[in-house]
Amino acid sequence: MTVVLKLGGSVVTEKDRAETIDGAALDHTADAIADAISVGDVDDLVVVHGGGSFGHHHASEFGVSTTDGSHDVDAVHAIHGAMTTLNQFVLRRLLDRDVPAVPIQPFSAGHRSERGELTFPFGQIETLLSEGFVPVLHGDLVAHAGEGVTVVSGDELVVELAASLGADRVGLCSAVPGVLDDADAVIDRIDEYDDVADVLGESEATDVSGGMAAKVRALLDLDSNATIFGRDGLSAFLEGDDPGTTID
Ligand code: IP8
C-alpha cells in the first residue's frame, strides 16, 4: 500500500512568524508517522511538506510564486535555503523516532516548460521506497523556462507523485479539520469544484501557492480519492480511515 502524505506548512510551522517551526505540532506529527510504521499500518510512505513560514515568507518577499518567476540568485538561495532548513527539522524529528526518512530536493530534480508544465523524475523515489526508505520532499523552487525559477508547491508534487506512483491513499494534513463550509462545518465529500467555489476563500496567511482553493482543484484532478484533514485526524488517516473531507 503506497501512501502519499502532505504535511501542510501551517501544520509544522508557525505560519505568521518567519522561519519558526511549531515544535509541538512537529513532534505530534512525527509520533503519528512513527507509530503507523511500527504497527504496520503503512509500508510504502512518501512525505511531502509545505513551506509555511519558511518558504512562503521569502517567496512573498522576492515576489516569486508558482507562475511569477525570478532570475535573482539571492531569491533562489533565500527560498530554497529556507526550505532545506525546514526539511532538516522534519527529517530530524522522524529520524529521532527511527523512521528511515531521507531528503529529496525538488530544486535539484524538477523543471517547468515555458507553459508552466512540471517535469519531475520519480524513479529515485520508487527505488528508495522499494529499498525501505521514507522519502521526504518539500515545496521548493524549480527551474522554469523563460521565468528563471518559480515555486513548486507541495500540493503539486503530491498530485504528480500520486499519479506516477499509483498511490493507494493520498492525505493532506492541514491546520483546519477539512474543507469548511460557510458555517465552519467540515464538508464530508467534494466531487465538483463548482459546488464549493463560493466557500473556498484565500489563505489568511502569506501563501504564494493559492491556499485551500488550489488544493481542492489539484486533488480533484487525481484518479484516486484524497483526504484533507486536521492534525487530530492524522493518526486516523494513517490507520486507514478517512477523517475530514474526501475529494473524489
Ligand atoms: O506550502 C510552497 O509549498 P506549499 C513552497 O506546499 C515555497 O505551497 C517555496 C513557497
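Each chain has its residues counted from 1, following the order in which its sequence is written. Residues qualify for local features only when their pLDDT is at least 70, as the model is predicted, and side-chain atom pairs are given and counted only at 80 or more; totals for whole chains, interfaces and linings, by contrast, use all residues. Values reported for side chains reflect all heavy atoms of the structure, with hydrogen atoms and water molecules removed beforehand.

Colleague: Where do I start with the pairing of strand 9 (residues 169-174) in this structure?
Modeller: The side chains of a regular strand alternate between the sheet's two faces. Each residue's exposure class comes from its accessible area (1.4 Å probe, protein chains only) as a fraction of the maximum for that residue type: buried when under 20%, exposed when over 50%, partly exposed otherwise. In this text, helices come from DSSP runs of H or I with a minimum length of four residues, and strands from runs of E with a minimum of two, each type numbered from the N-terminal end. Burial of strand 9 is extensive: six of the six residues sit out of reach of the surface. Taking every second residue as pointing to the same face, both faces of strand 9 are buried, with Arg169, Gly171 and Cys173 on one and Val170, Leu172 and Ser174 on the other. Whether two strands pair depends on DSSP finding at least two bridges between them. Looking at chain direction, strand 1 (residues 2-7) and strand 9 are connected through five bridges and run parallel. Across the sheet, Leu7 pairs through a bridge with Cys173, a residue of strand 9. Summarising the sheet, strand 9 and strand 11 (residues 226-230) pair through five bridges and their orientation is parallel. Bridge pairing links Ser174 to Gly230 in strand 11.

Colleague: Before we go on, may I ask you to explain the UniProt feature "site: Transition state stabilizer" (unreviewed entry) in the protein chain in this structure?
Modeller: UniProt positions are given in the numbering used here, feature names are shortened, and annotations may be inferred rather than shown by experiment. UniProt marks Lys15 with the feature "site: Transition state stabilizer" (unreviewed entry), using the numbering shown here. As for its placement among the helices and strands, Lys15 is situated in the loop between helix 1 (9-12) and helix 2 (23-38).

Colleague: Is there a simple way to explain the UniProt feature "binding site: substrate" (unreviewed entry) in the protein chain in this structure?
Modeller: UniProt records the feature "binding site: substrate" (unreviewed entry) at Gly51, His56 and Gly154, using the numbering of this structure. The largest pairwise C-alpha distance within this set of annotated residues, which runs over 104 residues, is 11.8 Å, so the set is compact in three dimensions. For Gly51, a relative accessible area of 9% puts it in the buried group. Should any heavy atoms of two residues lie within 4.5 Å, those residues are considered in contact. Setting aside residues no more than four positions away along its own chain, Gly51 makes contact with Gly9, Thr13, His56, Met83 and Leu86. Note on placement: His56 falls in helix 3 (residues 52-61). Residue His56 is classed as buried on the basis of its relative accessible area of 9%.

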